[in-house]
Amino acid sequence: MEAISNLNPDQVTADLNAAADYAMKIPASNGKLFVGGFCWGGGKTFRFATNRGDLAAAFVFYGPPPDKDSMARIKAPVLRVLRGERCTHRRDHPGYHCSNEGGRQDLRPITYDGAGHGFMRAGEAPDAKDADKKARAEAWVRWKNLLGK
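Here is what the cut-offs are and how they apply
- Residues numbered from 1 in each chain as written.
- Predicted model: local features only at pLDDT ≥ 70, side-chain atom pairs only at ≥ 80, totals over all residues.
- Heavy atoms only, no water.
- Phe/Tyr/Trp six-rings, centres within 6.5 Å; stacked < 30°, edge-to-face > 60°.
- Buried < 20%, exposed > 50% of the residue type's maximum accessible area, 1.4 Å probe, protein only.
- Helix = DSSP H or I, 4+ residues; strand = E, 2+ residues; numbered from the N terminus.
- Contact = heavy atoms within 4.5 Å.
- Expected span 1.5 Å × (residues − 1).
- Pairing = 2+ DSSP bridges.
- Axes fitted to C-alpha atoms, helices over the stretch in contact; angles between N-to-C directions.

1. Quick look at the packing of aromatic side chains
Evaluated as defined, the whole model comprises 10 aromatic pairs. Judged by centre distance (6.2 Å) and plane angle (70 degrees), the ring pair of Phe61 and Tyr62 falls under edge-to-face. Residue Tyr62 is classed as buried on the basis of its relative accessible area of 5%. Members of the aromatic cluster, joined through ring pairs, are Phe34, Phe38, Phe59, Phe61, Tyr62, Tyr112, Phe119, Trp140 and Trp143.

2. Brief notes about the environment of Leu147
Tracing the backbone through its elements, the reader meets Leu147 in helix H7 (residues 130–147). In this structure Leu147 comes out as partly exposed when scored by relative accessible area, which is 40%. For the pair formed by Leu147 and Phe34, sequence separation is 113 residues and the distance between their alpha carbons is 8.1 Å. Residue contacts for Leu147: discarding those within four places in its chain leaves Phe34 and Phe59.

3. Re helix H3 (residues 40–51)
Three or four residues apart is the spacing at which side chains of an α-helix point the same way, because the helix has 3.6 residues per turn. If you check H3, its first and last C-alpha atoms are 17 Å apart, about what 12 residues at 1.5 Å a residue would give, namely 16 Å. Within H3, 9 of the 12 residues are buried, leaving the element largely enclosed by the surrounding structure. If you check which residues of H3 are buried, you get Gly41, Gly42, Gly43, Lys44, Thr45, Phe46, Phe48, Ala49 and Thr50. Looking at the buried residues of H3, the elements they touch are helix H2 (9–25), strand E1 (33–38), strand E2 (55–61), helix H4 (68–71) and strand E3 (78–83).

4. Brief notes about the sheet that holds E3
If you trace the 4 strands from one edge of the open sheet to the other, you get E1-E2-E3-E4, paired in parallel fashion. Strand pairing shows two members of the sheet lacking a second neighbour, E1 and strand E4 (110–112), which therefore form its edges. Here the average twist between neighbouring strands, direction ignored, is 10 degrees. As paired strands, E1 and E2 are joined by 6 bridges and run parallel to one another. Bridge pairing in E2 places Gly36 opposite Phe59.

Written out as structure tokens, the structure reads:
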């Protein structure tokens, strides 16, 4: 945890750019660039969207957004998926916004009440709580619909 939290954000973005540039050049590429991440990776996904103008879409699961000024640079639609308590629980997080940023519908978080952090993983367990199962199922549908466009 400590090693990840001390990574240089600019280096993370540079590494993501290198991976994306490579992926866009391989024969299997369809020319559309999508990025997605969970928790820490969700925050890095959101930051990457502020720096990469050719994204087709970004999928942010549980990650905090960048500051408002950076969010204004986002060109791609962003699917923001959070547990229901996240908006009130994390208001103290610097730069955390739970509103519709700048009138963009695609930056409004989609929340799932009662679901826990990591519900995309936890919701597939045989003994998963109902809220996690429901949140996972609904988020998968949203995600697949956006990928199909």
